[in-house]
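# Survey of secondary and tertiary structure
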Amino acid sequence: MAEKKTTKKETAAKTTATKKATTTTKKACGAAKKTTVEVNAENAGFKAGDVYQALAATGAAMTVAEIAKAAKISEEEVLLGAGWLFKEGKIVSTEGKVTLA
């Protein structure tokens with residue numbers, strides 16, 4: 001069996017193609033990155049404060065997504081803080097939106 005010798009150009013072309021494919025894969029995986037929320041009393045209290053401040057600043061009912069955007073936290077963190085505030089009776093939910101009680 002005779003083996004074909006590869007030239008430097010062919011090797012470089014294969015390496016470049018592989019790097020491009022790897023870069024594309026890394027970008028795609030980075031876009032799907034999930035937020036992890038540490039669930040403990042201290043973190044829940046801080047997120048409750050963030051949610052409360054966002055609601056107080058607007059003075060209107062807001063959706064979870066709107067609160068997340070206003071408070072600059074993830075939707076998961078909004079839910080953690082909202083749970084705390086619901087338990088304390090500080091917020092109420094009407095028609096899919098949350099407002100101060």
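Thresholds applied
Residues numbered from 1 in each chain as written. Predicted model: local features only at pLDDT ≥ 70, side-chain atom pairs only at ≥ 80, totals over all residues. Heavy atoms only, no water. Helix = DSSP H or I, 4+ residues; strand = E, 2+ residues; numbered from the N terminus. Buried < 20%, exposed > 50% of the residue type's maximum accessible area, 1.4 Å probe, protein only. Core = buried A, V, L, I, M, F, W, Y, C linked by side-chain atoms within 4.5 Å. Contact = heavy atoms within 4.5 Å. Pairing = 2+ DSSP bridges. Polar contact = N/O pair within 3.5 Å; in protein donor to acceptor, adjacent residues only side chain to side chain. Salt bridge = Lys/Arg side-chain N within 4 Å of Asp/Glu carboxyl O. pLDDT = per-residue confidence, 0-100.

## Looking at unusual backbone geometry
Residues other than glycine seldom take positive phi values, yet lysine 72 does so here, at roughly 60°. Topologically, lysine 72 is positioned in the loop between α3 (64-71) and α4 (75-88). Of note in the backbone geometry, glutamate 95 takes a positive phi value of approximately 55° without being a glycine. In this structure, glutamate 95 sits in the loop between β1 (91-94) and β2 (97-100). On the basis of relative accessibility, which here comes to 82%, the residue glutamate 95 falls in the exposed class.

## Overview of the nonpolar core
The biggest cluster of nonpolar side chains holds 14 residues, and the ones touching the most others in it are Val51, Leu55, Ile67, Val78 and Ile91. For this core, the secondary-structure elements that each account for two or more residues are α2 (41-58), α3 and α4. Each residue touching valine 51, except ones within four places of it in the same chain, is listed here: Ile67, Ile73, Val78, Gly81, Ala82 and Leu85.

## A look at the pairing of β1
As paired strands, β1 and β2 are joined by four bridges and run antiparallel to one another. Its bridge partner being in β2, valine 92 is matched across the sheet by threonine 99.

## Digging into the environment of tryptophan 84
Among the structural elements, tryptophan 84 can be located in helix α4. In the structure, tryptophan 84 is positioned 35 residues away from glycine 49 in sequence and 9.5 Å away in space, judged by C-alpha atoms. At 3.0 Å, the side chain of tryptophan 84 and the side chain of glutamate 88 are in polar contact.

## So, the pattern of salt bridges
For the structure shown, the criterion picks out two salt bridges. Between lysine 47 and aspartate 50 there is a salt bridge whose closest N-O contact spans 3.9 Å. Of the two residues, lysine 47 and aspartate 50 are both situated in helix α2; the distance of three residues between them amounts to about one turn of the helix. Judged by its relative accessible area of 29%, aspartate 50 falls in the partly exposed class. Linking glutamate 77 and lysine 47 is a salt bridge whose minimum nitrogen-to-oxygen distance equals 3.6 Å. Of this pair, glutamate 77 sits in helix α4 while lysine 47 is found in helix α2, placing the two residues 30 residues apart along the sequence. Accessibility classification places glutamate 77 together with lysine 47 in one group, the buried group.

## Examining the environment of glycine 45
Residue placement: glycine 45 occurs in helix α2. Accessibility expressed as a relative area gives 25% for glycine 45, which makes it partly exposed.

## Topic: the confidence of the model for the chain
With 66% of its residues at a pLDDT of 70 or more, the chain has an overall mean of 81. Averaged pLDDT values for the elements of the chain fall to 51 in helix α1 (residues 8-31) and rise to 97 in α3. The model gives residues 20-27 a pLDDT under 50, and that stretch makes zero contacts with residues more than four places away or in other chains.

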